[in-house]
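# Residue-level structure breakdown
Residue strings, one per chain:
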Amino acid sequence: MIDHALTVRDAIIQRRSIKVFNGQPVERENLLSILEDAVWAPNHQLREPWRFVIACGKELEELYSVLKEFGIPKWKDLSEEELEKQMKKYMTPGGYVFVIVPEDARQKERLEDYAAASMLIQNVQLLAWDRGIGSCWKTPGFLDNPKFREALGAKTGERIISMLQVGYFDEMPKPKPRKNIDELITIFGE
Ligand SMILES: Cc1cc2nc3c(=O)[nH]c(=O)nc-3n(C[C@H](O)[C@H](O)[C@H](O)COP(=O)(O)O)c2cc1C
């Protein structure tokens, strides 16, 4: 029996970006199963323009030192207490998915590939939500840092478009209201 079966609508409107996690690890099989389903995202010419670097178990320790290096400016000058405080935002998610997309030299293909990968990320977020796992798509500047790219194994011609933090959480953030749909729609010809 499936005990996680939100309707598509409920998943879409109830999902929130989770920015405060409770430290509970995300099981590798859960994460792999979410990714296995998420790749059914539409993508032009079936280029499947994505690959993933994930961390959710013992490899997290190694990732933390990379995130400390690139995500905490001047960490060496910080007190142990301050460093611990700043590292919390990296150490409380239960897992990470870095989404890597080819940067096609042709603009149309490059935009299509980014669009397709964005749909995939939405899939991941909704599928995770359905399992009680929160997530947040993060785009810290260091994703483009050549040394960080090297640490992740990103190759020339690839871009790391998302640091997706995933994990369990205790508090549900309040929804951020969207514009009224009337503001966004023009009936053709009016
Ligand atoms: C492309 C993209 C980049 C984002 N980058 C960040 C980020 O760097 N840091 C962050 O806290 N949230 C980031 N977010 C999450 C948004 O802040 C969040 O989706 C928005 O506040 C709406 O909240 P909701 O997802 O709960 O509806 C990003 C979302 C998208 C789609």
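What counts, and at which threshold
- Residues numbered from 1 in each chain as written.
- Predicted model: local features only at pLDDT ≥ 70, side-chain atom pairs only at ≥ 80, totals over all residues.
- Heavy atoms only, no water.
- Near = heavy atom within 4 Å.
- Polar contact = N/O pair within 3.5 Å; in protein donor to acceptor, adjacent residues only side chain to side chain.
- Areas by Shrake-Rupley, 256 points an atom, 1.4 Å probe, with all protein chains shown as cover.
- Phe/Tyr/Trp six-rings, centres within 6.5 Å; stacked < 30°, edge-to-face > 60°.
- Helix = DSSP H or I, 4+ residues; strand = E, 2+ residues; numbered from the N terminus.
- Buried < 20%, exposed > 50% of the residue type's maximum accessible area, 1.4 Å probe, protein only.
- Lys NZ or Arg CZ within 6 Å of the ring centre and 35° of its normal.
- UniProt positions renumbered as here; feature names shortened; annotations may be inferred.
- Contact = heavy atoms within 4.5 Å.

## Concerning the site of the ligand
Neighbouring the ligand are the residues Arg15, Arg16, Ser17, Lys19, Cys136, Trp137, Lys138, Thr139, Lys176 and Arg178. In the model, an oxygen atom of the ligand is placed 3.2 Å from a nitrogen or oxygen of the Arg16 side chain. Measuring from an oxygen atom of the ligand, one finds a side-chain N or O atom of Ser17 at 2.6 Å. Look at the ligand: alone it shows 620 Å² of surface, and the protein chains cover 64% of it.

## Observations regarding the packing of aromatic side chains
Tallied over the full model, the rule gives five aromatic pairs. Centroid distance Phe70 to Phe148: 5.7 Å. Interplanar angle 75°. Geometry classified as edge-to-face. Taken together, the residues span a long stretch of sequence, with Phe70 in helix H3 (residues 60–71) and Phe148 in helix H6 (residues 146–152) at a distance of 78 residues. Residue Phe70 is classed as partly exposed on the basis of its relative accessible area, which comes to 23%. An aromatic cluster is defined as three or more aromatic residues linked by ring pairs; in this entry it consists of Phe70, Tyr96, Phe98, Phe142 and Phe148. One Lys or Arg, Lys68, reaches over the ring of Trp75 and ends 4.2 Å from the middle of that ring.

## Brief notes about the UniProt feature "domain: Nitroreductase" (unreviewed entry) in the chain
This chain's UniProt record puts "domain: Nitroreductase" (unreviewed entry) on residues 12–168. In the segment residues 12–168, helix accounts for 44% and strand for 18%; the C-alpha atoms at its two ends are 18 Å apart.

## Overview of the UniProt feature "binding site: FMN" (unreviewed entry) in the chain
According to UniProt, the feature "binding site: FMN" (unreviewed entry) maps to Arg15, Arg16, Ser17, His44, Trp137, Lys138 and Thr139 in the numbering used here. In terms of the greatest pairwise C-alpha distance, the residues named above, spread along 125 residues, do not form a single cluster, extending to 28.1 Å across. Locating Arg16 in the fold gives a position in the loop between helix H1 (8–14) and helix H2 (28–38). For Arg16, the residues in contact, after removing those within four places along its chain, are Trp129, Ser135, Met172, Pro173, Lys174, Pro175, Lys176 and Arg178. There is a polar contact of 3.1 Å between the side chain of Arg16 and the backbone oxygen of Ile13. Along the chain, the position of Trp137 falls in strand S3 (residues 134–138). Once residues lying within four places of it in the same chain are set aside, the contact partners of Trp137 are Tyr114, Ser118, Ile121, Gln125, Ile161, Ser162, Met163 and Leu164. At 3.1 Å, the side chain of Trp137 forms a polar contact with the backbone oxygen of Ile161.

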